[in-house]
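# Coordinates in review
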Amino acid sequence: MRFLLCLSFLCGFSLAAAAEPVVFPALSGNPDASTVVVYSSLDEPLARPMIVGFQKANPDVAVRYEDMLTGEIYDRIVKETDAGEKTADLAFSSAMDLQVKLSNDGYAQRSDLPMSARWPDWANWRNTAYALTFEPAVFVYHKPSFTREKPPSTRAEFVDYLKRHGSAVYGKIGTYDIERSGVGFLFMARDQEQFGDIWSVIQTMGAAGVKLYSTSSAILERVSDGRFVLGYNILGSYAADWASRHPDVGIVLPRDYTVVMSRIGLVPQAAASPDLGRRYLEFFMSKEGQTIMARELQIPAVSPDVAGANTANTMREMLGGQLRPVPVSPGLMVYLDQVKRARLIARWNEVLRLQ
């Protein structure tokens, strides 16, 4: 799909160490200006256009941007709050489950904003946690391997392709290792909810010698050079970046249903300057902020006020009910239940081994 090629190499499930905080002085030049503190899983260089846009609209505010892993954001907010200390004014993270847990457990405060009433219901949990991006899971394929037939576009077609080609594609399929990949586990958990026959898909991939990886790039590299013919449930932002630079990588949004994940923003309960946190979140949700998200950060925007390429509006116009966004709700916390998580992973491993 053409709009997916607007996406870029942006995923919060990074294994890199947290970077040093970066401070952006107020544009007003006032050395005593108020400072909004942001904890974020988005790399600072990638987030810079949003920071610049916010400061143009708020020249009296400095920004302290702390780039860290998703688990570190959660742990730090809980630790600082429980110790009676102040914490970030805004938390922006791709760990949907952890962000909702912060909200559900009282570590986030209500933020009634100009766009709150118009924000999509699935993307707004009690005006406390807001989904701010719209990122699909896709099939990826090696184009030269599909000159005589179309790549699978549903899970049933995916299974049929693997069965028909047998040994010719054995060991040439890749997907996430759900034990090591947060996004992989999220997508698998949603598959189990959305598709009653998902375990036949997993069993067929196991019989086809599927290879498991913790990163998108490991799979996409192998698809681009032909070592793999197919990749299953790959985050579209990674896939689109590779497709834009590697012409042999193709992308399919599954026609039976396409899971969509989001990055969530919230104002912590113990924020040092909650009004500044809400001001930053308000800009994030504004037409201007969401346009920057889509055009400059190259992440699909959620806002109903933003149209054009790389937006939820355009995707919905093209794909309608095919898209299945992950709702921002306490239902996400089921993925944090260690017993249920272990049970899903155990079944995954068992089914993959079935030949």
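Above this text sits the structure in question.
Everything numeric here is computed off the predicted structure, so don't read it as measured data.

Time to look at the pattern of salt bridges. In total, this model carries 19 salt bridges according to the counting rule given. Salt-bridge contacts for arginine 76 lead to glutamate 66; the nearest nitrogen and oxygen are separated by 2.7 Å. Here glutamate 66 lies in strand S3 (residues 61-67) and arginine 76 lies in helix H2 (residues 70-82), a separation of ten residues in the sequence. In this structure arginine 76 comes out as partly exposed when scored by relative accessible area, which is 29%. For glutamate 66, a relative accessible area of 6% translates into the label buried. We note a salt bridge from aspartate 105 to lysine 101, for which the minimum N-O separation is 2.8 Å.

Two aromatic rings, taken as a pair, are described by how far apart their centres are and by the angle between their planes. With the rule as written, the count across this model stands at twelve aromatic pairs. Between phenylalanine 146 and tyrosine 161, the ring centres sit 5.1 Å apart and the planes meet at 35°, which makes this aromatic pair tilted. Taken together, the residues phenylalanine 146 in the loop between strand S8 (135-142) and helix H4 (155-165) and tyrosine 161 in helix H4 connect sequence positions 15 residues apart. Take tyrosine 161: its relative accessible area is 4%, and that puts it in the buried class. Among the aromatic residues, ring-to-ring pairing joins Phe54, Phe92, Tyr280, Phe283 and Phe284 into one connected group. Taking NZ or CZ as reference, arginine 155 lies 3.6 Å from the ring centre of tyrosine 257, over its face.

Turning next to the packing of helix H5 (residues 182-194) against helix H12 (residues 338-353). As a packed pair, H5 and H12 sit with axes 12 Å apart at the nearest point and diverge in direction by 85°. On the basis of their axis angle, the class for H5 and H12 is roughly perpendicular. Along its contact with H5, which presents Phe185, Met188, Ala189 and Gln192, the element H12 presents Arg341, Leu344, Ile345, Arg347 and Trp348. Looking at side-chain class alone, the contact of H5 with H12 contains six nonpolar, one polar and two charged residues.

A few words now on unusual backbone geometry. In this model, asparagine 127 sits at a positive phi of 55°, which is unusual for a non-glycine residue. As for its placement among the helices and strands, asparagine 127 is situated in the loop between strand S6 (124-125) and strand S7 (129-131). A positive phi angle, close to 70°, is found at asparagine 310, a residue other than glycine. Along the chain, asparagine 310 falls in the loop between helix H10 (287-295) and helix H11 (312-319). Judged by relative accessible area, which is 1%, asparagine 310 ranks as buried.

What counts, and where the lines are drawn
Starting afresh in each chain, residues are numbered from 1 along the sequence in its written order. Where local features are concerned, this predicted model is filtered to residues with pLDDT of at least 70; where side-chain atom pairs are given and counted, the filter is 80 or more; whole-chain, interface and lining totals use all residues. Side-chain numbers here rest on the full set of heavy atoms in the structure, without hydrogens or water. Whenever a carboxyl oxygen of Asp or Glu lies within 4 Å of a side-chain nitrogen of Lys or Arg, that contact is scored as a salt bridge. Only runs of H or I of at least four residues qualify as helices and only runs of E of at least two qualify as strands under DSSP, and these elements are numbered from the N terminus. Any residue under 20% of the maximum accessible area for its type is buried, any over 50% is exposed, and the rest in between are partly exposed; the area is computed with a 1.4 Å probe on protein chains only. Classification of ring pairs rests on two measures: the distance between centres of Phe, Tyr or Trp rings, Trp counted by its six-membered ring, which must be within 6.5 Å, and the angle between planes, read as stacked under 30 degrees, edge-to-face over 60 and tilted in between. In this scheme, the term charge over a ring applies when either NZ of a lysine or CZ of an arginine sits within 6 Å of the ring centre and within 35 degrees of the ring normal. Orientation is described by axes fitted as lines to C-alpha atoms, over the contacting stretch for helices, and by angles from 0 to 180 degrees between their N-to-C directions. Throughout, the term roughly parallel applies to angles under 35 degrees, roughly antiparallel to angles over 145, roughly perpendicular to angles from 65 to 115, and oblique to all others. Only heavy atoms enter the contact rule, under which two residues are in contact if any of them lie within 4.5 Å. For this classification, Asp, Glu, Lys and Arg are treated as charged, while Ala, Val, Leu, Ile, Met, Phe, Trp, Tyr, Cys and Pro are nonpolar and the rest, including Gly, are polar.

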